[in-house]
Amino acid sequence: MAFKELSPSRTVVTSFTPRPSRPQNEDGNQVNDDYEEGVWVMHTTSSKNGTKWLGGALSNGEICIYDTERLHVSQTIPNAHGKALITDLTSSGPNIVASSGNDGFIRLFDLRQQGSALECQLPNSEEALSLSVGYAGVLAAVGSNKAKIHFCDVRQGGILGSYVDAHTEEVTRVRFQPNSQDNSSTTPLLISASEDGLACAFDTSQASEEAALKSVLNVETPLREVGFFGPSYEGLYCLTGSESMSVWHHDSAQRICGFGLDLRSKLSQAAGGFGVDYLVNCHWDASQNQLSLLAGSSTGDAALYKVDAGALSLLNTLRGGHRGCVRSWCPLTSNVFITGGEDARLCEWEINQSPGTNSNQGFIQGGSKLPEKGGGPLRRQKKKNTKSPY
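Calculation notes
Residues numbered from 1 in each chain as written. Predicted model: local features only at pLDDT ≥ 70, side-chain atom pairs only at ≥ 80, totals over all residues. Heavy atoms only, no water. Helix = DSSP H or I, 4+ residues; strand = E, 2+ residues; numbered from the N terminus. Buried < 20%, exposed > 50% of the residue type's maximum accessible area, 1.4 Å probe, protein only. Contact = heavy atoms within 4.5 Å. Areas by Shrake-Rupley, 256 points an atom, 1.4 Å probe, with all protein chains shown as cover. Pairing = 2+ DSSP bridges. Axes fitted to C-alpha atoms, helices over the stretch in contact; angles between N-to-C directions. Core = buried A, V, L, I, M, F, W, Y, C linked by side-chain atoms within 4.5 Å.

A. Representation of the overall build of the protein. A tally of helices and strands in the protein yields three helices and 30 strands. Here the protein, with 390 residues, has 54% of them falling under the buried criterion. At a minimum sequence separation of 6, the contacts of the protein that also span at least 24 residues come to 50%. As displayed, the protein offers around 17,000 Å² of accessible surface, 44% of which is attributable to carbon and sulfur atoms.

B. Just the sheet that holds strand E19 (residues 223–229), in detail. Read from one edge to the other, the open sheet built from four strands follows the order E19-E20-E21-E22, with strand pairing classed as antiparallel. Looking at the sheet topology across the chains shown, the edges are occupied by E19 and strand E22 (254–258). Adjacent strand axes in the sheet meet at a mean angle of 25°, parallel and antiparallel pairs treated alike. Across four bridges, the pairing between strand E21 (residues 245–249) and E22 is antiparallel. Paired with Ser246 across the bridge in E22 is Gly258.

C. The pairing of strand E26 (residues 311–318), seen in detail. Burial analysis of E26 places eight of its eight residues in the buried class, the great majority of the element. As paired strands, strand E1 (residues 4–6) and E26 are joined by three bridges and run parallel to one another. Bridge assignment links Glu5 to a residue of E26, and that residue is Thr317. As judged from the seven bridges shared by strand E25 (residues 302–308) and E26, these two strands associate in the antiparallel manner. The residue bridging Ala303 from the neighbouring strand is Thr317, located in E26. Between E25 and E26, which follow one another and run antiparallel, lie two residues, and Gly310 among them has a positive phi close to 85°.

D. Local environment of the nonpolar core. Grouped together as the largest cluster of nonpolar side chains are 40 residues, with contacts concentrated most on Met245, Leu267, Leu293 and Tyr305. In this view, Leu267 contacts Val276, Leu279, Leu293, Ala295, Tyr305, Leu312 and Ile364; residues no more than four positions away in its chain are not counted. Among the nonpolar cores identified, the runner-up in size contains 16 residues, and Ile149, Leu198, Leu213 and Val216 belong to it.

E. Spotlight on the sheet that holds strand E9 (residues 105–110). Spatially, the four strands line up as an open sheet ordered E7-E8-E9-E10, and their pairing is antiparallel. A strand with exactly one partner marks an edge of an open sheet, and here the two such strands are strand E7 (86–91) and strand E10 (117–121). Averaged over all pairs of adjacent strands, the angle between strand axes in this sheet comes to 15°, irrespective of strand direction. Here strand E8 (residues 96–101) pairs with E9 via five bridges, running antiparallel. When the bridges of E9 are listed, Ile96 appears paired with Asp110.

Purely spatial values, then, with no claim about function.
Below you can see the structure in the form of structure tokens.
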């Protein structure tokens with residue numbers, strides 16, 4: 001697989017914070033380490049329908065909204081969670097940006113009314129680590145640091161119910177399944193991922209946690225990212241804290257393929273020596289019927305890979321954009337995407353031609369063995385007084 005090296009089409013610096021004088025090296029020149037003293041871009045999201053905007057959550061607590069046509073700031077939400085860290089960012093409808101923070105709050109900001117927010121606070125001083133908004137924007141699922149999943153009525157700001165039995169450690173990600181007929185809406189299916197190495201599938205339309213739990217995927221290592229893919233969103237990709245990746249069929253809880261703990265070295269080799277240090281995230285492009293993986297280096301370079309059944313192949317390398325680790329990846333169209341990083345930068349990349357196929361360079365074969373442990377429905381004894389989301 002031949003590949004093309006990309007350079008950013010546009011770059012935006014999100015923050016110019018005051019910095020102390022830079023130190024000098026042995027040659028008497030100033031050390032160029034501005035990004036280390038600046039603001040990080042932690043998360044990015046974009047509007048699903050209607051107004052075209054891009055949202056970026058910064059490490060200083062701001063949420064910046066950009067016009068995607070010009071990449072100009074159209075709105076800034078300062079201190080979205082006070083001094084707390086913003087742990088997740090997503091969009092809900094054409095005009096709502098939603099965030100979670102380790103202050104225990106989730107907040108939904110209406111971009112038509114600057115400063116207007118609906119909020120919900122988790123009980124017992126729990127931290128909100130992730131959120132996903134479903135049911136036409138009226139219900140938010142929230143993963144907490146106390147191994148629980150809470151459901152918030154975003155209109156009234158109260159907790160409707162909680163799942164408390166499925167996980168034993170931090171719930172790092174929650175995601176509602178997109179609707180294959182309308183990507184701007186969701187189905188009642190919810191996936192949760194945890195530090196306990198489990199990804200759980202719930203039908204949240206059911207009246208209790210026990211009835212809702214459909215299947216459990218035992219990835220056997222702490223999870224940090226999960227997401228849906230496939231024509232009917234029947235697949236699930238899982239990225240772990242040890243920088244490994246596997247893809248699953250979530251309904252049957254069977255692993256389609258795992259790429260092993262040496263994935264980073266394989267990705268580096270496939271890219272012809274490109275030094276991959278971490279995995280950023282995956283994205284499913286329904287129009288192209290393609291799942292892609294973005295991986296990056298500590299120096300800010302990155303590489304884009306196509307994920308097939310049991311194999312990865314290099315599509316593009318991304319150079320000259322970032323000077324620090326890439327933290328987030330937000331596709332805007334099938335050939336344009338945004339990356340945000342620890343250098344306070346947002347970079348826009350455009351894939352303007354398909355890579356050729358004149359060699360096998362960049363091809364990585366994965367394993368197809370199904371896990372020996374876990375898989376399938378898991379039924380724990382139901383605790384007394386377990387709340388339903390409804």
